[in-house]
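Chain residues, written in single-letter form:
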Amino acid sequence: MKRVAIVGVGQTKFVSQRRDAIHPEVANEAARAALDDARLDIDQIGALTVGVMDPFDGVDCCDRWFCGAAGGYNKPVVRINTAGATGMSTVIAAYEHVASGMFEIVMAVAEQRVGECQDAQTLLNTCTCPYHERAMGVAAISLGSLPATRHMHRYGSTHEQRALAAVKAHRHAMNNPFAHLRFEVTVDDVLGSPIIEWPLHLLECCPRSDGAVALVLASEDVAKTITDRPAWINGVVSIADGCFFGDRPDIAYRDALAIAAHRLYDRCGIKDPLREIDVAELYIPFTSLELTQTEAYGFCPEGRGGELLEEGVTWMGGELPINPSGGVLCTNPIGATAAVRAAEAAIQIMGKGGMRQVPNAETALASGLGGMLQFHTIMLLGAEPR
Amino acid sequence: MRVGIIGVGQVRSQAAKKDVFSDQTTRIAKDALRDAALEIGDMDRIVLGEYDLVTGRTAEHMYTTPAAGGFLKDEIRINDDGLFAIAQAYMGILAGHCEIALVISTGIASEGPQELITNMRLSPFHHRSLGLHEKLALAMQAHQYRGRHRITERQSAAVAVKNRSNAMGNPCAHLRRKVTEGRVLESPFDCWPVRKLERAPWSDGGCALILASEPVARRYCPTPVWIAGVGWSNETYYMEDRDLTELSAVRRAGEMAYRMAGIREPMKELDVAELYDVTTYHELMACEALGFCAPGGGGRLVEEGVTSMGGAVPVNPSGGVLSSNPLSASGLARLVECVLQLRSRAEGRQVPSAETGLAQSISGYAAQRACIVIVRR
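Note that this is a predicted model, so its numbers are computed, not measured. (Residues numbered from 1 in each chain as written. Chains lettered and ligands numbered in written order. Predicted model: local features only at pLDDT ≥ 70, side-chain atom pairs only at ≥ 80, totals over all residues.)

Trainee: Looking at this structure, I do not really get the packing of helix α6 (residues 153-167) of chain B against helix α11 (residues 280-289) of chain B. What am I missing?
Mentor: Two quantities define a packed helix pair, namely the angle between the helix axes and the distance between the axes. Residue and element names in this part refer to chain B. Relative orientation of the contacting elements α6 and α11 amounts to 95°, with a least axis distance of 8 Å. One way to sum up the angle between α6 and α11 is to call them roughly perpendicular. Across from Ser-156, Val-159 and Ala-160 in α6, the residues of α11 making contact are Thr-280, Tyr-281, Glu-283 and Leu-284. Among the residues making up the contact of α6 with α11, the classes are represented as 4 nonpolar, 2 polar and 1 charged. (Axes fitted to C-alpha atoms, helices over the stretch in contact; angles between N-to-C directions. Helix = DSSP H or I, 4+ residues; strand = E, 2+ residues; numbered from the N terminus. Parallel < 35°, antiparallel > 145°, perpendicular 65-115°, else oblique. Contact = placed C-beta atoms within 7 Å. Nonpolar A, V, L, I, M, F, W, Y, C, P; charged D, E, K, R; others polar.)

In structure tokens:
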């Protein structure tokens, strides 16, 4: 069993639609950037894991097309798809490649081109049960809107509190050259934008983005020879909930994420997450989930996620900045989004964040979210191996 | 540390299942747990191997994960043939990520137009408008292969006769009717030059295996089957850039697995092989890529009965993919059969005293990818 670190990260600038490049070219861009970052050659990569969610790209099993350009030609390649959590599962799969001792250096590449599909929500509607849910039009936005109303009802949170999550994300994204949406918004802008699915406004919802991200993972034997400051993967947890929304005890709080977070903290010996974690890159595609997730992670008491935002705790300069990159609310290449979280968390540990760098980040949390709040994948990175 | 297989489960393949697809997942998982005399609570992790879209939806694992018993468990899904999920589960156990994992594939081909779906897997610029689909590409490959090596129709038919005859002994096989050489060669062309009886059917079915770390495997099972070698590889997507007469991804995956298992002379060291005979020609090509014979020697190998029951290395005692093709699970089913053979549980089709078995799968256009798993008693 080997300890594993992230030693290189590369991503494309995320946009609505890449009209200038085909899928293999986009994947190649991210893979090259990651190899350059690690100062490695593709021949030094032993295997690849590739992640993409079907079929936003307009090509089913699109990985087969792009993985050669990402460096997978004549190499062992495993293709991962766990819906929205795909990106993080792809990094976890790569982590296992290295931790098992089977490979020294492995690259995880995740790509998604949501710009290639006409209507992502119609497509996401097909993931729901054809007998019970599909005809109601349930799609990804419902996993933001239903917890929003539930949270308001149960804890008295407000539209203004939720809007702050969008204001924060957009302010942070200004510091991230790779972010898709880069403009500042105010609470009034957010609440004045059209309702997409009540109570969520347009600016409370993630965009749909085109792009790719790649991470190079190396074993403890070689990590230090590649970079002075690798981001050590100190804990990995994945959890699956049931598939029906109506079966959850309470979608505003008691979901599987809280259990997963406790499993991670137990494994890593974290007692006071708010103090011990320096920065977090969380999969928050809708503002309401900023409230429910910060509570599930134990950054604040149950029902107090809104206050956490108001007090500035999770803003840049706060006790625990969440999503210095601007997060999913500003960039969402669906199957790659969770890998971007891992990449951004690694960037923070490696001290390569530039304008978005959190000073002295020693411990970072990253997460992925898939299905209708069904799959949670979380990862703890550190400047030192645990 | 070694990783052992301590349970297998499968359902009978059929033309079209009668229940909701996730119910089938539950039946498969229960069968594997019953085989291992374990409960779902004993599992640390669910590793799925399945494609999306084949049942007309995205994120199919939203249903199959809970149906496989994944509630509040660690989960990952390999969007490829199920045998690749074995590679991931194997590494997950070696990595200490989990101790015991259920690897499961639900194969449903009846719910979607597979030709159209596989056509959608092609790049929109160069290949899709040609009207290609995976079956057609396999036929093109078969055509090139048989032309290059002068494989005869009778040699191809011999594979179908052998595998369909083997399937008679397998209660989980979909097509359980013997065929003669005459019937094979009279059957209509499906995609020229591959005839209907020379290619796999579409089936609904599925299978599962339970993998455990050595200490856990020994605690639960007196005679685990051990994973001795795993190998997988990926060729270029572009078929026109490859020599289609050789399954190069299979060759590379085989080299990796042989190296790990310390196998130098496969024909001497393997007792049974389950190969991905999606067409008769692909069994012959796989035999060559795996070093059972020299390139081009596959035809003679089957003619001489080397791969028949009673031969040096019986290939596809289960009846192979030619007899059951539950898409997604077709490769994983190869490993299930190897495990049954090594445990002497393959009643009606048992290879005597099988100690070492090899399972092979391919995926993608004209075998872009391949995965090999070698197991030992």
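Text resumes after the structure shown.
Trainee: I tried to follow the pairing of strand β4 (residues 100-108) of chain B on my own but got confused; where do I start?
Mentor: On a regular strand, one side chain projects to one face of the sheet and the next to the other, so that they alternate. All names here are of chain B. The element β4 is extensively covered by neighbouring structure, given that 9 of its 9 residues are classed as buried. Burial along β4 is two-sided: the residues Ile-100, Leu-102, Ile-104, Thr-106 and Ile-108 and Ala-101, Val-103, Ser-105 and Gly-107 are all buried. Across 4 bridges, the pairing between strand β2 (residues 45-49) and β4 is parallel. Across the sheet, residue Arg-45 finds its bridge partner in β4, namely Ala-101. Judged from the 9 bridges that link them, β4 and strand β7 (residues 204-213) form a sheet pairing that is antiparallel. Each residue of the ladder has a partner; that of Ile-104, found in β7, is Ala-208. (Buried ≥ 20, exposed ≤ 12 C-beta atoms within 10 Å, placed from the backbone. Pairing = 2+ DSSP bridges.)

Trainee: I would appreciate a short explanation of unusual backbone geometry in the present structure.
Mentor: What is expected of a backbone is that most residues other than glycine have negative phi and most peptide bonds are trans. Of note, the bond from A:Asp54 into A:Pro55 is cis; its omega dihedral lies within 30 degrees of zero at -10°. Among the structural elements, A:Pro55 can be located in the loop between β2 (47-51) and α2 (63-66). The omega torsion of the bond from B:Trp192 to B:Pro193 falls at 5°, within 30 degrees of zero and hence cis. For B:Pro193, the location among the structural elements is in the loop between β5 (189-191) and β6 (194-195). A positive phi angle is found at A:Arg39, which is not glycine, with a value near 50°. Along the chain, the position of A:Arg39 falls in the loop between α1 (23-38) and β2.

Trainee: What am I meant to see in the interface of chain B and chain A here?
Mentor: If you look at the interface, chain B gives 46 residues, while chain A gives 50 residues. Those elements giving two or more residues to the side of chain B that touches chain A turn out to be α2 (61-67), β3 (74-78), α3 (82-94) and β8 (225-234) of chain B. Examining the composition of the side of chain B that touches chain A, we find that 6 residues originate from one element, α3(B), more than from any other. Residues belonging to the side of chain B that touches chain A are distributed by class as follows: 20 nonpolar, 16 polar and 10 charged.

Trainee: Sorry, what's going on with helix α10 (residues 256-268) of chain A here?
Mentor: Every α-helix carries 3.6 residues per turn, so stepping three or four residues along brings you back to the same face. All names here are of chain A. When the terminal C-alpha atoms of α10 are compared, their 18 Å separation across 13 residues agrees well with the 18 Å that a helix rising 1.5 Å per residue should span. Those residues of α10 that fall on the buried side of the exposure criterion are Ala-256, Leu-257, Ala-260, Ala-261, Leu-264 and Tyr-265. Turning to α10, the residues buried within the fold contact β8 (231-240), α11 (273-276), α12 (287-296) and β11 (375-382). Phi turns positive one or two residues past the end of α10, at Gly-269, with a value near 70°. (Expected span 1.5 Å × (residues − 1).)

All we've got here are geometric facts, nothing functional implied.
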